[in-house]
Amino acid sequence: MSELTYERLRDAVAGDAVALRSRMTLQPAGGEGDKVFPPTYAVDGRADHKYVVEERQVGNGESISTTVLLDSVASQANRAELALLDGWERGELIFPVPYVDFSEDGWATDYEKLTVLEAPHRLADAIFRDSLLDGTLFRLSDVGRAITNATPRNAADLFNYSPTSLLFGMWDSTGPKGGLGSKFQRAYVSEIVGFDASVGKKVGSRIDPLQIERVAPTDRLFKSADRDEVWTDNSGQAERDGKGKLVYASRADESGEAGQPSKINHGNIPPSIDTQAGGVTISSALQTTVISFAALRRLRFKNHAREAETAAHTAIAALGVAAIAYQYEMDFDLRSRCLLLPTHPPHLELLRRDGSPGENLQVDRASSARILEEATKQATLAGAGWETDEIRLVPAPKLLELIRRSRQQSASEPAAE
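Now for a description of the structure that goes with this document. As the structure is a prediction and not an experimental result, all values here were calculated from the model.

### Focus on the packing of aromatic side chains
Right, so step 1: Under the criterion given, the structure shown has four aromatic pairs.
Right, so step 2: Arranged with centres 6.3 Å apart and planes meeting at 55°, the rings of Phe-128 and Phe-138 form a pair that is tilted. Note that Phe-128 is positioned in helix α3 (residues 126-129) and Phe-138 in the loop between β9 (136-137) and α4 (142-149), a separation of ten residues in sequence. Here Phe-128 and Phe-138 have matching classes, each one buried.
Right, so step 3: Over the ring of Tyr-99 we find Lys-113; its NZ or CZ atom is 4.9 Å from the centre of that ring.
Right, so step 4: One residue, Lys-183, lies across the ring of Trp-171, its end atom 4.4 Å from the ring centre.

And the structure:
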């Protein structure tokens, strides 16, 4: 198996290759047969569980397997973006990453800066829309107007400022054009599924070491007006909110039953069985990732020669290759109790349109960084280079005020029971 190089990637993008595919076999870290926990989704009352379970053909359609979704296309895209962000922050991967700098208003958000690789809708996200670039609302700036006017048939400006938005897809639905904003198809698609899935059960309980079990029917507990106090008892005057209503935390109900200390996070929680989100056992899992050269070739670059377009397409593909290699080294710890281990290093298959067997190629973190570096250089020489200066925005005052009000309101409301 030969190593993927920039030249091989460029020839594939420009030639008769349709896609680059990676298939990674995974096993639970606890060993074969250990339980893992998929993502849960809202379901109606008739559903037996909260997982995405379906029948799929496997082995070229030779058999049917009950599969469970372990990581969706959207979630995998987010993980790939975070892998690229890790490489960018280390200085190993060089490409434009616009960001909103919150460092001067750290009270407002958990982020010192929020990058295009973390925003839900990438460069079209409302967070960027409601921030300032050089003192101007982003969408009214020269860069913002260029992004608004970018289309799949004229994608040069979006490539210039945010090539990852072309790789992972973007719909400019929150900009000046609303629902008529440009849509850019995903060129990078990945998901992880488990095979031979069997849905299980899980149990839960809590034993209070202080043995706080019940309070008398006459006792009334209230949410305290002092946020640090959390709650107050009935030994003094009941705290009131701004409207003069008693703010209830825990009290006896009208039937005379004793109040429940669990309402203020004390007391026991009886043992219970969860049949809707009890995890699954699987025979194995498979991550399938496809980078579509066909989708990249549909991106046109107005006023650029075909050579420049090919160089730009190759640079976007190189970002996808780096995402595969870097995500592998960030491991597959998908969520609590869902750590998967790969059974082999990443390898890629070049898929041709004639349906012939894919050409197998190796790639790792270091080689993917070299490919991206060369792709960047060649795109620049061809006249399609991307932005090298920092693209730093700051939150507009109205965005900071919205965050402040939301945090204030959340802090004043009791936790959901």
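What follows continues from the structure just given.
### Some points on helix α1 (residues 6-14)
Three or four residues apart is the spacing at which side chains of an α-helix point the same way, because the helix has 3.6 residues per turn.
Right, so step 1: Within α1, burial applies to Tyr-6, Leu-9, Ala-12 and Val-13. Seen from one end, α1 has its buried residues packed into an arc of 130°, which puts them on one side.
Right, so step 2: In this structure, the buried side of α1 is in contact with β2 (17-28), α7 (293-297), α8 (306-329), β23 (347-352) and α9 (365-381).

### A word on empty space enclosed by the protein
Right, so step 1: Per the stated rule, a full pass over the model turns up one cavity of 30 Å³ or more.
Right, so step 2: In this structure, the largest cavity occupies an estimated 40 Å³ of space.
Right, so step 3: Taken together, Ser-22, Met-24, Tyr-188, Gln-287, Thr-289, Ile-324, Gln-327, Tyr-328 and Phe-332 make up the lining of the largest cavity.
Right, so step 4: Sorting the residues of the lining of the largest cavity by element identifies β2, β20 (284-292) and α8 as the ones contributing at least two each.
Right, so step 5: Grouping the constituent residues of the lining of the largest cavity by class yields five nonpolar, four polar and no charged.

Rules used throughout
Residues numbered from 1 in each chain as written. Predicted model: local features only at pLDDT ≥ 70, side-chain atom pairs only at ≥ 80, totals over all residues. Heavy atoms only, no water. Phe/Tyr/Trp six-rings, centres within 6.5 Å; stacked < 30°, edge-to-face > 60°. Helix = DSSP H or I, 4+ residues; strand = E, 2+ residues; numbered from the N terminus. Buried < 20%, exposed > 50% of the residue type's maximum accessible area, 1.4 Å probe, protein only. Lys NZ or Arg CZ within 6 Å of the ring centre and 35° of its normal. Arc of directions from axis to C-beta. Contact = heavy atoms within 4.5 Å. 1 Å grid on protein atoms, 1.4 Å probe; cavity = no way out; pocket = protein on both sides within 12 Å on 5 of 7 lines; lining within 4 Å. Points joined across faces, edges and corners; volume = space filled by probe spheres on them. Nonpolar A, V, L, I, M, F, W, Y, C, P; charged D, E, K, R; others polar.

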